[in-house]
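Here's the letter readout for the chains.
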Amino acid sequence: MLLPIEEYRMSFPVQTIRHSYSHVMAEAVIKLHPGTKVAIGPAIDDGFYYDFLFPEALQPDDLPAIEKEMRRIISANVPFNRVEVSKAEAKAMFADEPFKLELIDGLEDGTISIYEQGVFRDLCRGPHVDTTRDLKPDAFKLRAIAGAYWRGDEKRPMLTRIYAYAFGSKADLEAHLKLLAEAEKRDNRKLGKELGLFSTHEEAGPGLIYWHPKGGRFRVELENWWRDEHYGNGYEILFTPHIGKSWLWETSGHLGFYKEGMYSPMEIDEDDYYIKPMNCPFHIMIYNNDVHSYRELPLRWAELGTVYRYERSGTLHGLMRVRGFTQDDAHIICTPEQIEDEIAEVLRFSLHMHKTLGFKEIKAYLATRPAGNGAVGDPAMWDTALESLRKAIGKEGLAYEMDEGGGAFYGPKIDLKVKDALGREWQLTTIQFDFNLPERFDMTYVDSDGQKKRPYMVHRALLGSIERFFGVYLEHTAGAFPIWLAPEQAVVIPVGPDFADYAATVAADLKKAGVRVKAMLSDERMNAKIRDAQNQKVPYMLVVGAKERDEGTVAVRVRDGRQLPAMPVAAFVEMVQALVRERSLEL
RNA sequence: GCCCUUGUAGCUCAGUUGGCAGAGCACAUCCAUGGUAAGGAUGAGGUCAUCGGUUCGAUUCCGAUCGAGGGCUCCA
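Residues numbered from 1 in each chain as written. Chains lettered and ligands numbered in written order. Predicted model: local features only at pLDDT ≥ 70, side-chain atom pairs only at ≥ 80, totals over all residues. Heavy atoms only, no water.

## Some words on the overall build of chain A
- From N to C terminus, chain A includes 19 helices and 28 strands.
- On the principal axes, the C-alpha backbone points of chain A span a range of 85 × 75 × 60 Å.
- When the 587 residues of chain A are sorted by exposure, 50% land in the buried category.
- A separation threshold of at least 6 residues defines the contact pool for chain A, and within that pool the share at least 24 residues apart is 70%.
- A total of about 28100 Å² of accessible surface is found on chain A, and carbon and sulfur atoms cover 50% of it. (Helix = DSSP H or I, 4+ residues; strand = E, 2+ residues; numbered from the N terminus. Buried < 20%, exposed > 50% of the residue type's maximum accessible area, 1.4 Å probe, protein only. Contact = heavy atoms within 4.5 Å. Areas by Shrake-Rupley, 256 points an atom, 1.4 Å probe, with all protein chains shown as cover.)

Written as structure tokens, this is what we have:
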């Protein structure tokens, strides 16, 4: 198909467009802030950034001027020219740019490409658009300034990064800004506050979650379901201590390779005890308490285990990144012959759980043995493990990506990411082989030939952590939970004070039937109560007046605005019970 | 931890070019008899994050600390 000329001009890949914008921004910055050194400026998912070293600190107020200068450059229709030079020539050209010199030193010998537009030139592999006219003056927006270490290394200088959104057209930019506005409305911290679900308290310690009554309702329902599903799928549930003596963590190796993630020890009877960052060593203590026959395997042991990990203060974020959290952990201990079926089963189980929660799109990321000699375990075991992971993915027909060398030193893994209602991906599930701990704790089972053998051990968390899952689910549902997880399932609203008694009776009947309900009997007007209930995302609002009282019915308003025909109280109870039983996602 | 921003009532936010601290919502009391997204009046509520400095005087300016927000390879 032939495109009009203008369409051709726009048909550069968006990554190329973003990268060209970043050069334009660098030109603008150099012009407005002479003496600034440039570092790197790549395209990213929704735009681009460029890292600079400014002679004086850049303020957010400086961004509009930069944006304006960029528009001027764009409308000036400046061509991008590619120039090829030798390494020595390049070093001469960028003699004043220490970061560029370092980059040049890192390049292979041979020709080096430079891109020039106007007075600005940059070391760059390219490609770029033809001229600045291929960029739209209204399809980008400078977003924020942020600190970023040169080459991501905290031992190197802190540079100033300018982030920007950039797209091929104004419409795409606006659509993206709209998505961001929607995401902001769903922010777990905001909804947690508005819906009275949880809080954090700086005076009591950041990164620690306080679950309020309504958050507690959600959690109890979620955990009850989780336990039922685990018992129904061949798991046993464990409870283990929150602290353990240093012997445990020395044996596990955590004090060797995970110490920065652990809190300082407390001394009890002259021994050092550490609060647990992981549950695995405790589960192994239970395993090693007895001699195990191959006949007992596989063992699937799960625990809602609360762990504490040190996270740097700058990384804490609402429910998503905290310092104390409850993993929905499990360890599967099995023979080599069983491993393939066990992996397939845990993957099937994960997908079943996610589907029940309403996640439709799920993608797998398969991480293999890291390069170098840091990895533990026999390469043959890695191969078997990887094969079982790959087969399980194939069996479930799951889309997946390879993450070569992305495995932990102790084993390969599958991570599952779910796509939420806004199309964002969240990692929840991780299924990891562990070739390290069985060795360190000398775990064994007696095989059919009477020999002691080493079992396979797999860690897995389905929801990840209850806290983080709560955050993801809040953002996915915007706080409008399915009925079985809703902290309040219904409210009863009398149209006036005369009907308060009937409203109270209805609420009492519903409560007796197991419905989470509250009668709204304050002296507010009915409209105000409906508004409150809507804002609290209560699934059902039961409005009662003379008609309902006389007929023993309720008028049902649904959270989505639908109005159901008036029904007897018993019929409403039946409806709710059926939806809860089915864990329906619809009301 | 580091860079930038930021901290005023339970919540969302104004404000003081350094001179008695403000609004809306929420809360309390009263009035209002009401049918599907905010009825009205009155009242209570703050050591302006904390500590120090400058100043006749600091919530305001400066510094430090603590927290929060946006970032800084990976990881629940």
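Next comes the rest of the account.
## Topic: the pattern of salt bridges
- Per the counting criterion, the structure on display carries 39 salt bridges.
- Between Arg72 and Glu69 there is a salt bridge, and its shortest N-O distance comes to 2.8 Å. You can see Arg72 and its partner Glu69 sitting in helix H3 (residues 63-75), three residues apart, about one turn around the helix.
- Given a relative accessible area of 42%, Arg72 falls into the partly exposed group. (Salt bridge = Lys/Arg side-chain N within 4 Å of Asp/Glu carboxyl O.)

## As for the packing of helix H12 (residues 339-357) against helix H13 (residues 379-396)
- Contact geometry of H12 with H13 gives a least axis separation of 8 Å together with a crossing angle of 45°. Classified by the interaxial angle, the pair formed by H12 and H13 is oblique. Taken as a pair, H12 and H13 cross one another with a handedness that is right-handed. Residues Ile339, Glu340, Ile343, Ala344, Leu347, Arg348 and Leu351 of H12 form the contact with H13, whose own contacting residues are Thr384, Ser388, Leu389, Lys391, Ala392, Ile393, Lys395 and Glu396.
- Of the residues assigned to the contact of H12 with H13, the class counts are eight nonpolar, two polar and five charged. (Axes fitted to C-alpha atoms, helices over the stretch in contact; angles between N-to-C directions. Parallel < 35°, antiparallel > 145°, perpendicular 65-115°, else oblique. Left-handed = near helix turned anticlockwise from the far one by under 90°. Nonpolar A, V, L, I, M, F, W, Y, C, P; charged D, E, K, R; others polar.)

## A short note on the sheet that holds strand S13 (residues 266-268)
- Read from one edge to the other, the open sheet built from three strands follows the order S12-S14-S13, with strand pairing classed as antiparallel. In this open sheet, the two strands that pair with only one neighbour each are strand S12 (243-245) and S13. Sheet twist, expressed as the mean angle between neighbouring strand axes with direction ignored, is 40°.
- The pairing of S12 with strand S14 (residues 271-275) spans three bridges and is classified as antiparallel. (Pairing = 2+ DSSP bridges.)

## Re the protein's contact with RNA strand B
- The immediate surroundings of RNA strand B are formed by 53 residues, with Phe325, Gln427, Pro497, Arg531 and Glu548 found nearest.
- By atom count, sugar and phosphate contribute 47% of the portion of RNA strand B lying within 4 Å of the protein.
- A distance of 3.0 Å separates a base oxygen of RNA strand B from a polar atom in the backbone of Gly147.
- Between Arg189 and RNA strand B, the recorded distance is 3.0 Å, taken from a side-chain N or O atom to a phosphate oxygen.
- Where the surface near RNA strand B is concerned, the elements lending two or more residues are strand S7 (140-149), strand S8 (158-166), helix H7 (188-194), strand S20 (425-433), strand S23 (456-465), helix H17 (526-535), helix H18 (546-551) and strand S27 (553-558).
- With seven residues, H17 is the largest single contributor of residues to the surface near RNA strand B.
- Partitioning the surface near RNA strand B into residue classes produces 20 nonpolar, 16 polar and 17 charged. (Near = heavy atom within 4 Å. Polar contact = N/O pair within 3.5 Å; in protein donor to acceptor, adjacent residues only side chain to side chain.)

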